[in-house]
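Examining the three-dimensional arrangement
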Amino acid sequence: MELWLVRHGETLWNQEGRLLGWTDLPLTPLGRGQARALRGLLPPLPAYSSDLRRALETAALAGFAPKPTRALREIHFGALEGASWETLDSLHKEALLRFQGFHPPGGESLEAFQERVFRFLEGLKEPAVLFTHGGVVRAVLRALGEDGLVPPGSAVVVDWPKRVLAKSLYPVRYM
């Protein structure tokens, strides 16, 4: 089943290199432009979105009226929310780069995050467009044997039951 995973457009914290999980920030002017650039590139499928503003705004500017879905939220960074990548301690940095063993203080473990996301994906019964976050897209790519970061305002297409990366609308930066 074909799933289009769309990472929301740029926010101020993306621009500043800060960890952005559940803080509800809007898109920057560039982020709004990235979202508008998706209009006409995505198929007219049922759409779901993280319930956070940046994903919902991306969906609306791309021409969709998605069903808001909490399961598509980014990982909850807890006490690390808003931390600069530059100042992040080496243990957390390493766990994020490896994308395993990460559990921020007061936040969501990587394992719980992946379980939440995958449970939602397994419940889908038809192809869909999913407006979500970088961590969600990376978790899905990891489940497919890939490890990539997609830039804000970009999309990848996966065949979820077959666990295959079908294509990317924009270049994927592999770790």
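Residues numbered from 1 in each chain as written. Predicted model: local features only at pLDDT ≥ 70, side-chain atom pairs only at ≥ 80, totals over all residues. Heavy atoms only, no water.

If you look the chain up in an unreviewed UniProt entry, it shows as Alpha-ribazole phosphatase from Thermus scotoductus.

**Looking at helix α6 (residues 134–143)**
Burial within α6 is extensive, with eight of its 10 residues counted as buried. Turning to α6, its buried residues number three or more, namely G134, G135, V136, V137, R138, A139, V140 and L141. Phi for G145, located one or two positions after α6, is positive at around 85°. (Buried < 20%, exposed > 50% of the residue type's maximum accessible area, 1.4 Å probe, protein only. Helix = DSSP H or I, 4+ residues; strand = E, 2+ residues; numbered from the N terminus.)

**With respect to the packing of helix α2 (residues 29–37) against helix α3 (residues 53–61)**
Two quantities define a packed helix pair, namely the angle between the axes and the distance from one axis to the other. It is at 7 Å that the axes of α2 and α3 come closest, and there the two elements cross at 45°. Taken together, the axes of α2 and α3 are oblique relative to one another. The handedness of the crossing between α2 and α3 is right-handed. On α3, the residues touching R32, A35 and R36 of α2 are E57, T58 and L61. (Axes fitted to C-alpha atoms, helices over the stretch in contact; angles between N-to-C directions. Parallel < 35°, antiparallel > 145°, perpendicular 65-115°, else oblique. Left-handed = near helix turned anticlockwise from the far one by under 90°. Contact = heavy atoms within 4.5 Å.)

**Notes on the UniProt feature "binding site: substrate" (unreviewed entry) in the chain**
The positions UniProt marks with the feature "binding site: substrate" (unreviewed entry) are R7, H8, G9, E10, T11, L12, W13, N14 and R54. As for its position among the elements, T11 is in the loop between β1 (2–7) and α1 (12–16). In this structure, T11 is in contact with L20, L25, P26, L27, T28 and R54, ignoring residues within four places of it in sequence. For L12, the position within the fold is in helix α1. (UniProt positions renumbered as here; feature names shortened; annotations may be inferred.)

**Thoughts on the UniProt feature "active site" (unreviewed entry) in the chain**
Under the UniProt annotation, the feature "active site" (unreviewed entry) is placed at H8 and E74. For the annotated residues, spread through 67 residues, the largest C-alpha to C-alpha distance comes to 10.7 Å, consistent with a single compact locus. Structurally, the position occupied by H8 is in the loop between β1 and α1. There is a polar contact of 3.2 Å between the side chain of H8 and the side chain of R54. What makes E74 buried here is its relative accessible area of 8%. In contact with E74, other than residues within four places in its own chain, are L20, G21, W22, R54, E108, F113, R116, H133, G134, G135 and V136. (Polar contact = N/O pair within 3.5 Å; in protein donor to acceptor, adjacent residues only side chain to side chain.)

**Observations concerning the pairing of strand β2 (residues 47–50)**
The pairing of β2 with strand β4 (residues 128–132) spans three bridges and is parallel. Its bridge partner being in β4, S49 is matched across the sheet by F131. Sheet topology note: the β2/strand β3 (residues 67–69) ladder contains three bridges and is parallel. Paired with S50 across the strands is T69, a residue of β3. Note that the unit made of β2, α3 and β3 has a crossover that is right-handed. (Pairing = 2+ DSSP bridges. Right-handed = clockwise from strand over helix to strand, strands pointing away.)

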